[in-house]
Number of protein chains: 2
Amino acid sequence: MDPMIVMQPDLAFEESLEKIFQFIEEKRYFKARDELLKYNEADIGEMFEEMLEEPDIIESTIVIYRLLPKDVSVEVFSYLPSDDQLKIVEGITDAELSYIVDQLDFDDKIDILEELPANLVDKILEKTPKDERRLINTFLNYPDTCAGSLMTPNYISLRKDMTVGEALAYIKEVGMDAETLYTCYVKDTGRKLMGIVSLSTLVITDDQIKINDIMHTDYVCVNVYDDQEDVSEMFKKYGFIAMPVVDKEHRLVGIITVDDILEVIEDENTEDIERMAGILDLEQSDKEYLDKSVFQHVKARLPWLLILMVSLMVTGAIISYFEDILSKVIVLVAYMPLLMGTGGNTGTQASTLIVRGLALDEVDYDDAFKVLWKELRISFMIGLVLSTLNFLKIIFIDGESPMIALTVCTSMILIIAFAKCLGGMVPMLAKKIGVDPALMANPVIGSLTDTMAVLIYFLMAMIILGL
Amino acid sequence: MDPMIVMQPDLAFEESLEKIFQFIEEKRYFKARDELLKYNEADIGEMFEEMLEEPDIIESTIVIYRLLPKDVSVEVFSYLPSDDQLKIVEGITDAELSYIVDQLDFDDKIDILEELPANLVDKILEKTPKDERRLINTFLNYPDTCAGSLMTPNYISLRKDMTVGEALAYIKEVGMDAETLYTCYVKDTGRKLMGIVSLSTLVITDDQIKINDIMHTDYVCVNVYDDQEDVSEMFKKYGFIAMPVVDKEHRLVGIITVDDILEVIEDENTEDIERMAGILDLEQSDKEYLDKSVFQHVKARLPWLLILMVSLMVTGAIISYFEDILSKVIVLVAYMPLLMGTGGNTGTQASTLIVRGLALDEVDYDDAFKVLWKELRISFMIGLVLSTLNFLKIIFIDGESPMIALTVCTSMILIIAFAKCLGGMVPMLAKKIGVDPALMANPVIGSLTDTMAVLIYFLMAMIILGL
């Protein structure tokens, strides 16, 4: 997409949206379209997202979509999330669909073809020129989370014996959309990538100079099967706006631009956040919360709940085992939530920080002892503050004996120390053995500390209260 | 930074780092420098990060840094995190520091000046030309998280009556670094921003055409005091590589480039993730885990732990209140962790999804009823599965009476329903009243569900067991 899209920032978006819904109710579709056209394509896309959320006006929405100027309709389509694109596809004719797919940027085209039912894809590909059809089929075969799925084959190729003047004339001739034009690629006759040169270098260099003399031959590139997470790491590290993608013979197969990386970063963050909360989306769908069915939500949430339930049952069994102690000093039960809760909260604080640190490469396995030592000191300070407060509260407010207070408070210090160290170490261990640390964060730490909290508590009760 | 930095991707980074540490031990500093120089500046920066982590070799590290070619040393400096930059600053001469600061890109310059002690800043500014000094002082005054703190004043200004040919000649003359050159800005005589035109448009347009005829006048821009989170939202929405920043008189004061936005996105995500885990970094420092002192960690973690402790105390008080019931049927205690834990886990799953949905604009307050209805159905399905399994386990494995099993399982269904709905609603409510939803996620939901879980459990026990 051209980064400079038309926009009227002062128009009240919400107000227009209300007007449009009003027009739809009155079946004044042309009016609705004209209201939409006051905005740029990204904003129109957002309005269609809102309209497509209402199942009862879906037909009117499609009618209005079909009333849009053709070029606008293509742009708007490219801004929509894939499930909204499918809703549109179902409502338009095959000819309209073919036109849209034909006009889309190559990477957007691949994205929508991946979502469409197979018979529709075949129908579209029938009308596509043979060369492009072959290219599309190659692209459709790249796994969803690898560099290949992010790239576009639309880039500027130069020859190394061109002059800068010739190169600029060539660029003017092929004229492409903005995002893919800022870096040009120099290939040898075997399509191997030899070097890269930025458009800005071309523009500020004398026309007579040879590309060979200004191209960078020690560029950074990624392999077509590299994981998208690694690709986004490289974008972050080097601050690129585009990066070449090569196959294993080092032939240039496409480029990835930074605007697609912004999405990858958000998706990877969402995945980490969800995993930390014990939500496991095995389908790796990028559907939004509201678009997922109840059953899909259940499928993503149930596995961890079942695993955690087992651990909670173990905690319960430990309590059963010590029932005698409890029935002798029933007041001990009242402090169980405090100890288990504080253990869980302090543990997940530590694990969250370490999981994030690992994800951003700020911490790694070699730092294990530093982390342990830091968490130990932190937990000592926190334990001291919390247990002092609790000691006073148990004696002066609850009116319990000092021995009860001592039992609760020493347990608390030990539990916090245990939770913080566990929270710091488990994600590192996970990383070491090749498991996603995010999976090991809150749920696992939370339930492990629960179990340990109960054990420590009963142990302290036996020692201090002599039970 | 020029996006095409030299890189030798095949050299083994870790191996070289080991060599360098070896050279340092043997005090062969030139050897160490030569090893470093096999890499590009971003990688050298990463090696210095590793070296600066070891306090005992800090002096050797500085010596090696000073042996780097001047241009390399400036680039490397710009890649370092700010606390490593300060370590370098302390070891080099004032003249070297002045040189580095002078050579840095404007936005990097501002970043380091913000971190330096005031007397050092004054010393550096003394040697800066008056115009630039004034500019620097303006930039230093922008709050840390606003658009102004991200921008650079280095952009290409064109006049609307220039032709494309004149514009390209002008760009060639002023020749600037790559990241800021891809979009050119057209200002009127009052420095107001009139329009923008991309370098790619210039390159593919005929030389005789006037800028006035090809510039976009309906561009998207941000205000200098806009929050950086909103700015990054706009980058994500529109897929820009640069965006103009204007003051309230709509005068162009700088531009923001996408490479700085990648960092903002990660920082905002980190903030959300930490807040969800009850970690509150009031200093908003961007220090990494290991660089924060024990005391800073304690300060960030203690506030929520204290608040949550109060809520856990309430839960304890409820248990105390029902002590009679417990002492009559002590076996009920054994199922408390299961109910509280499952409540917490299911609740935070829901709140995590909604907090993330709100952050990515996938869900908003208007969707409250949809969310509630979805979470109710989800919790019913999950409750059914978990409570059936527990019912069987309590009767056949634990050998308890069906009435106990019924008490636990009906409680479980109610607790899950309550937790899921609370988890879905509280973040939305927070957003509505202008509180960061991330603050309302795991800790708050977890402790609220704990309290409710205990209440529901005792209520069910009284009803079903007739206590």
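Everything below is about the structure shown above.
Residues numbered from 1 in each chain as written. Chains lettered and ligands numbered in written order. Predicted model: local features only at pLDDT ≥ 70, side-chain atom pairs only at ≥ 80, totals over all residues. Heavy atoms only, no water.

1. Describing the overall build of chain A
Rules: Secondary structure elements are defined from DSSP: runs of H or I of at least 4 residues count as helices, runs of E of at least 2 residues count as strands, and each element is numbered from the N terminus. Type-normalised accessible area, obtained with a 1.4 Å probe on protein chains alone, sets the label of each residue: buried when under 20%, exposed when over 50%, and partly exposed for intermediate values. Only heavy atoms enter the contact rule, under which two residues are in contact if any of them lie within 4.5 Å. Residue burial considers only the protein chains on display, and all accessible areas are found by Shrake-Rupley using a 1.4 Å probe. The convention is simple: Lys and Arg are positive, Asp and Glu are negative, and His and the chain ends are not counted. One atom stands in for each charge, and that atom is NZ of Lys, CZ of Arg, CG of Asp or CD of Glu.
A tally of regular secondary structure across chain A gives 22 helices and six strands. Viewed in the frame of its principal axes, chain A has a C-alpha envelope of about 90 × 65 × 45 Å. Expressed as a percentage of the 467 residues in chain A, the buried residues total 56%. Counted over contacts in chain A with a minimum sequence separation of 6, partners at least 24 positions apart contribute 68%. When the accessible surface of chain A is split by element, carbon and sulfur atoms take 55% of a total near 19,500 Å². Side chains of chain A carry 40 positive and 80 negative charges; the gap between the two charge centres is 4 Å.

2. Digging into the packing of helix H3 (residues 41-52) of chain A against helix H5 (residues 70-79) of chain A
A pair of packed helices can be characterised by two numbers: the angle between their axes and the separation between those axes. All names here are of chain A. Test applied: To obtain each axis, a line is fitted to C-alpha atoms, and for helices this fit is confined to the stretch in contact; angles are then taken between N-to-C directions over 0 to 180 degrees. Crossings are assigned a handedness: left-handed for a near helix turned anticlockwise from the far helix by less than a right angle, right-handed for a clockwise turn. Throughout this entry, Asp, Glu, Lys and Arg are counted as charged residues, while Ala, Val, Leu, Ile, Met, Phe, Trp, Tyr, Cys and Pro are counted as nonpolar. The remaining residues, Gly among them, count as polar.
For the pair H3 and H5, the least separation of the axes is 8 Å and the interaxial angle reads 65 degrees. Here H3 runs over H5; the crossing is right-handed. Here H3 contributes Glu41, Ala42, Ile44, Gly45, Phe48 and Glu49 to the contact with H5, which in turn contributes Val72, Glu75, Val76 and Tyr79. Across the contact of H3 with H5, the residue classes break down as six nonpolar, one polar and three charged.

3. A word on the interface of chain A and chain B
Here is the rule we go by: Buried area: the sum, over both parts, of the accessible surface (1.4 Å probe) that disappears when the two are put together. What counts as a salt bridge is simple: a side-chain nitrogen of Lys or Arg found within 4 Å of a carboxyl oxygen of Asp or Glu. Any pair of N or O atoms that falls within 3.5 Å is considered a polar contact. Within protein, one atom must be able to donate a hydrogen and the other to accept it, and sequence-neighbouring residues count only if both atoms are side-chain atoms.
With 118 residues of chain A at the interface, the matching set in chain B holds 118 residues. A buried area of about 10,900 Å², summed over both sides, lies between chain A and chain B, and 70% of it is on carbon and sulfur atoms. Taken together, chain A and chain B are joined by 14 salt bridges. One salt bridge in this structure joins lysine 172 of chain A and aspartate 207 of chain B, with 3.5 Å as the shortest N-O distance. Inspection of the chain A/chain B interface yields 28 residue pairs in polar contact (both at pLDDT 80 or more). Broken down by element, the side of chain A that touches chain B gets its largest block of residues, 16 residues, from helix H16 (residues 294-321) of chain A. Residue composition of the side of chain A that touches chain B, grouped by class: 65 nonpolar, 26 polar and 27 charged.

4. A look at the pattern of salt bridges
Scanning the entire structure with this criterion turns up 42 salt bridges over all chains. Here arginine 66 of chain A makes a salt bridge to glutamate 96 of chain A, at a shortest N to O gap of 3.0 Å. Here the residue arginine 66 of chain A occupies a position in helix H4 (residues 58-67), and glutamate 96 of chain A occupies one in helix H7 (residues 94-103), the gap between them amounting to 30 residues. Residue arginine 66 of chain A is classed as partly exposed on the basis of its relative accessible area of 41%. By relative accessible area, which is 25% here, glutamate 96 of chain A ends up partly exposed. Its salt-bridge partner being glutamate 35 of chain B, residue lysine 19 of chain B comes within 3.9 Å of it at the nearest N-O pair. Taken together, the residues lysine 19 of chain B in helix H1 (residues 13-25) and glutamate 35 of chain B in helix H2 (residues 29-36) connect sequence positions 16 residues apart. Exposure remark for glutamate 35 of chain B: the relative accessible area of 6% places this residue in the buried category.

5. Quick word on a nonpolar patch on the surface
Operational definition: By definition, no residue in a patch forms a salt bridge, and every one has over 30% relative accessible area; like charges are joined within 9 Å, nonpolar side chains (Val, Leu, Ile, Met, Phe, Trp, Tyr) within 5 Å.
Together, Phe380, Met381, Leu384, Val385 and Leu389 of chain A together with Phe295 of chain B make up an exposed nonpolar region whose accessible area comes to about 530 Å². Broken down by element, the nonpolar patch gets its largest block of residues, five residues, from helix H20 (residues 368-397) of chain A. Inspection of the secondary structure assignment puts leucine 384 of chain A in helix H20.

6. Some details on the relation of the copies chain A and chain B
Test applied: Only residues with pLDDT of at least 70 in both copies contribute their C-alpha atoms to the least-squares superposition of the copies.
With an RMSD of 0.1 Å, the operation that places chain A on chain B is a rotation of 180 degrees combined with a shift of 0.0 Å along the axis. Given the turn and translation reported, the copies of this chain are related as if by a two-fold rotation axis. When C-alpha distances to the rotation axis are compared across chain A, the minimum falls at serine 327 of chain A, with a value of 3.1 Å. Taken together, the interface assignments show that 99% of the residues at the interface of chain A recur at the interface of chain B, consistent with an identical surface on both copies.

7. Things to note about helix H8 (residues 106-115) of chain A
For an α-helix, the turn length of 3.6 residues means that residues three or four places apart are oriented alike. Residue and element names in this part refer to chain A. Burial runs high along H8: seven of the 10 residues are buried. Of all the positions in H8, only Phe106, Asp107, Asp108, Lys109, Ile110, Ile112 and Leu113 are classed as buried. Packing partners of the buried residues in H8 comprise H5, helix H6 (82-91), H7, helix H9 (118-126), helix H10 (130-140) and helix H15 (258-276).

8. Thoughts on the sheet that holds strand E6 (residues 252-257) of chain A
All names here are of chain A. Worth spelling out the cut-off: Paired strands, as defined in this entry, are two strands with at least two bridges between them according to DSSP.
Pairing is mixed in the open sheet, where three strands are placed in the order E4-E5-E6. In this open sheet, the two edge strands, each paired with only one partner strand, are strand E4 (222-223) and E6. Examined bridge by bridge, strand E5 (residues 242-246) and E6 share five bridges and lie antiparallel to one another. Bridge assignment links methionine 243 to a residue of E6, and that residue is isoleucine 256. Sitting on the sheet, helix H14 (residues 228-238) is in contact with E4, E5 and E6, with an inclination near 140 degrees to E5.

9. Quick look at the sheet that holds strand E3 (residues 193-198) of chain B
Residue and element names in this part refer to chain B. If you walk across this open sheet you meet the three strands as E1-E2-E3, and the pairing is mixed. This sheet does not close on itself; its edge strands, each paired only once, are strand E1 (156-158) and E3. Here the average twist between neighbouring strands, direction ignored, is 35 degrees. By the bridge criterion, three bridges tie E1 to strand E2 (residues 183-187) in an arrangement that is parallel. When the bridges of E2 are listed, serine 157 appears paired with tyrosine 185.

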